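Chain by chain, the residues run as shown.
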Amino acid sequence: MGISQCDLILKTMLQNRLKKYWYAKDFQSGKQFVGYEASARMSDLIRLYPNIVIAERDGRFRTLRINWKNKQEIKELRSLKEW
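Since we're looking at a predicted model, the values are computed, not measured.

**Remarks on the nonpolar core**
By size, the foremost hydrophobic cluster in this structure holds 21 residues, and its most contacted members are L10, L45 and I66. Listed by contribution, the elements that provide at least two residues to this core are α1 (5-15), α2 (38-48), β2 (61-66) and α3 (71-80). With six residues, the top contributor of residues to this core is α1. Dropping the residues within four chain positions of it, L45 is found in contact with C6, I9, L10, V53 and L64.

**Here we look at the confidence of the model for the protein chain**
With 96% of its residues at a pLDDT of 70 or more, the protein chain has an overall mean of 94. Taken element by element, the predicted model of the protein chain shows its lowest mean pLDDT in α3 (91) and its highest in strand β1 (residues 53-58) (98).

**Considerations on the pattern of salt bridges**
Oppositely charged side chains may form a pair once their charged atoms are brought near each other. Taken as a whole and assessed by the stated rule, the structure comprises five salt bridges. For the salt bridge of D7 with K81, the shortest nitrogen-to-oxygen distance reads 3.0 Å. Here the residue D7 occupies a position in helix α1, and K81 occupies one in the segment after α3, the gap between them amounting to 74 residues. According to the relative accessible area criterion, K81 is partly exposed, its value standing at 23%. Between D44 and R41 there is a salt bridge, and its shortest N-O distance comes to 2.9 Å. Of this pair, D44 and R41 both sit in helix α2, three residues apart, roughly one helical turn. The network of salt bridges with common partners includes R41, D44 and R47.

**Quick look at the packing of α1 against α2**
Helix-helix packing is characterised by the crossing angle of the two axes and by the distance between the axes. Relative orientation of the contacting elements α1 and α2 amounts to 75°, with a least axis distance of 9 Å. Between α1 and α2, the crossing angle belongs to the class labelled roughly perpendicular. The residues of α2 that touch α1, namely those facing Q5, C6, I9 and L10, are A38, R41, M42, D44 and L45. Within the contact of α1 with α2, the residues separate by chemical class into six nonpolar, one polar and two charged.

**Looking at the packing of α1 against α3**
The interhelical angle for the contact between α1 and α3, taken along N-to-C directions, is 125°, at an axis separation of 12 Å. With respect to their mutual orientation, α1 and α3 come out oblique. Between α1 and α3 the crossing geometry is left-handed. Across the interface between the two elements, L10, L14 and Q15 from α1 touch I74, L77 and R78 from α3. Of the residues in the contact of α1 with α3, the class split is four nonpolar, one polar and one charged.

Thresholds, definitions, all that
Residues numbered from 1 in each chain as written. Predicted model: local features only at pLDDT ≥ 70, side-chain atom pairs only at ≥ 80, totals over all residues. Heavy atoms only, no water. Core = buried A, V, L, I, M, F, W, Y, C linked by side-chain atoms within 4.5 Å. Buried < 20%, exposed > 50% of the residue type's maximum accessible area, 1.4 Å probe, protein only. Helix = DSSP H or I, 4+ residues; strand = E, 2+ residues; numbered from the N terminus. Contact = heavy atoms within 4.5 Å. pLDDT = per-residue confidence, 0-100. Salt bridge = Lys/Arg side-chain N within 4 Å of Asp/Glu carboxyl O. Axes fitted to C-alpha atoms, helices over the stretch in contact; angles between N-to-C directions. Parallel < 35°, antiparallel > 145°, perpendicular 65-115°, else oblique. Nonpolar A, V, L, I, M, F, W, Y, C, P; charged D, E, K, R; others polar. Left-handed = near helix turned anticlockwise from the far one by under 90°.

Put into C-alpha cells, the structure is as follows:
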C-alpha cells in the first residue's frame with residue numbers, strides 16, 4: 001500500500017526544512033504529486049496536526065508551514081510514521 005496524500009505532503013514538508021512556506025501548487029507536479037486535491041489535503045493536515053502545521057495566507061492563497069518549535073511532537077510523529 002502506498003503513502004497517503006496527506007502523509008506525502010507532510011513528509012515532503014518535514015524533509016525540506018529550508019523551504020518555509022508551502023502552497024498547493026507545490027504538490028501539483030513532480031515527485032510530491034497530489035494533484036488538484038492538494039488544497040483539500042492541506043486542510044486535512046491543519047485539522048489532523050494543529051500543533052505542527054501552521055496555516056497562513058498569501059493573498060488569496062493558503063500557505064502552510066511547519067511549527068519547528070514543537071520539536072517533541074514532530075519527533076513523535078516521525079517515529080509513528082513508516083517513511
